[in-house]
Amino acid sequence: MDQRTASSALIDAGRRLGTRGLISAGEGNLSIRLDAERLLVTPTGARKDELTVDDLVVVRPDHDPFAARSPNGGRPTSDLAIHLAVHAARPDILAVAHAHLPASMALTVAGEVPDPEVLPETALHLPRLPFVPFAAMGSDSLAASIAAALIEPPEPFARAVLLERHGAVAVGADTGQAVDRLELIEVLCRTWRDALLVKAARAAVGPAAILRVPRDVATSHRRTMEGS
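Residues numbered from 1 in each chain as written. Predicted model: local features only at pLDDT ≥ 70, side-chain atom pairs only at ≥ 80, totals over all residues. Heavy atoms only, no water.

J.: Help me understand the nonpolar core in this model?
T.: Soluble globular proteins tend to bury their nonpolar side chains together. Judged by nonpolar contacts, the single largest core of 33 residues is most densely connected at Leu17, Leu30, Leu101, Leu182 and Ile185. Looking at this core, the elements that each hand over two or more residues are α1 (3-19), β1 (29-35), β4 (95-99), α3 (102-109), β6 (160-163), β7 (167-172) and α6 (175-205). Among the elements that make up this core, the one with the highest residue count is α6 (seven residues). Other than its neighbours up to four places away in sequence, Leu17 contacts Leu22, Ile23, Leu30, Ala99, Val179 and Leu182. (Core = buried A, V, L, I, M, F, W, Y, C linked by side-chain atoms within 4.5 Å. Buried < 20%, exposed > 50% of the residue type's maximum accessible area, 1.4 Å probe, protein only. Helix = DSSP H or I, 4+ residues; strand = E, 2+ residues; numbered from the N terminus. Contact = heavy atoms within 4.5 Å.)

J.: Is there a simple way to explain α6 in this structure?
T.: Along an α-helix, residues three or four apart share an orientation, since each turn contains 3.6 residues. Here α6 contains 31 residues, and its C-alpha end-to-end distance of 45 Å stays within 8% of the 45 Å for a straight helix at 1.5 Å per residue. Every buried residue of α6 is listed here: Thr175, Ala178, Val179, Arg181, Leu182, Leu184, Ile185, Glu186, Leu188 and Cys189. The opening residue of α6, the one whose side-chain oxygen lies 3.1 Å from the backbone nitrogen of Gly176, is Asp174. Immediately downstream of α6, the backbone of Gly206 shows phi near 95 degrees, a positive value. (Expected span 1.5 Å × (residues − 1). Polar contact = N/O pair within 3.5 Å; in protein donor to acceptor, adjacent residues only side chain to side chain.)

J.: Could you clarify how one ought to interpret the packing of aromatic side chains in this entry?
T.: Two descriptors summarise a pair of aromatic rings, namely the distance from one centre to the other and the angle between the planes of the rings. Counted under the stated rule, the structure contains zero aromatic pairs. The ring of Phe134 has Arg165 lying over it, and the distance from NZ or CZ to the ring centre is 4.0 Å. (Phe/Tyr/Trp six-rings, centres within 6.5 Å; stacked < 30°, edge-to-face > 60°. Lys NZ or Arg CZ within 6 Å of the ring centre and 35° of its normal.)

J.: Looking at this structure, I do not really get the sheet that holds β4. What am I missing?
T.: Backbone-to-backbone hydrogen bonds join strands into a sheet, with any given pair of strands oriented parallel or antiparallel. Pairing in this open sheet of seven strands is mixed, and the strands run β3-β2-β1-β4-β7-β6-β5 from one edge to the other. With partners counted over all chains shown, the strands left at the sheet margins are β3 (57-59) and β5 (131-132), one partner each. Relative to β7, β6 runs antiparallel, the two sharing four bridges. In the strand pairing of β7, Ala160 is matched with Ala170. Packed onto the sheet, α6 meets β1, β4, β6 and β7 and runs at close to 145 degrees relative to β7. (Pairing = 2+ DSSP bridges. Axes fitted to C-alpha atoms, helices over the stretch in contact; angles between N-to-C directions.)

Following this line, the structure appears as structure tokens:
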């Protein structure tokens, strides 16, 4: 992919993550494979929904990638090890996206791991969602675990992984597809979370109490409708 097209794709994907509420402050990171020798990655510490072309960093995996700098002097993402490991393990993909998805982090903090088979969209598009236990951010051990989960047999390989207390990583043919997959994971996690809340409320007060409308509220509503 030519660098101008890749830059535009990364900038658009960062804005989309911010618009959807999937990142805040300097969270999240993205990468695109430019060719066999270069990746274009987002910078560390910058808001990914406010990026410019000069913020993006070209790294060469075989030439001290952590020393690379953007045109304005920015350093590559602190999760660069993840991107290097995933691109090396999955030459069939071009893009990697990582975000600290709020609902996914809440669930995994509570010890919950959602099953993608419960929703038709995730069952179709993300039938496998491996869970990766917590490891230090930016560490080689975390990068290795993510890459291993994305090449675990059988094929087709997983298209995303859920990280304990750290959001998710998704891969794709382009950044749009990778971000689509992050969005689907967050929808799955929100639905799973809400289902747990409904179940807890039902257990506490009973299903009839959850659905029952107080008599005075119902009467007031009926009178309002009749007078309108």
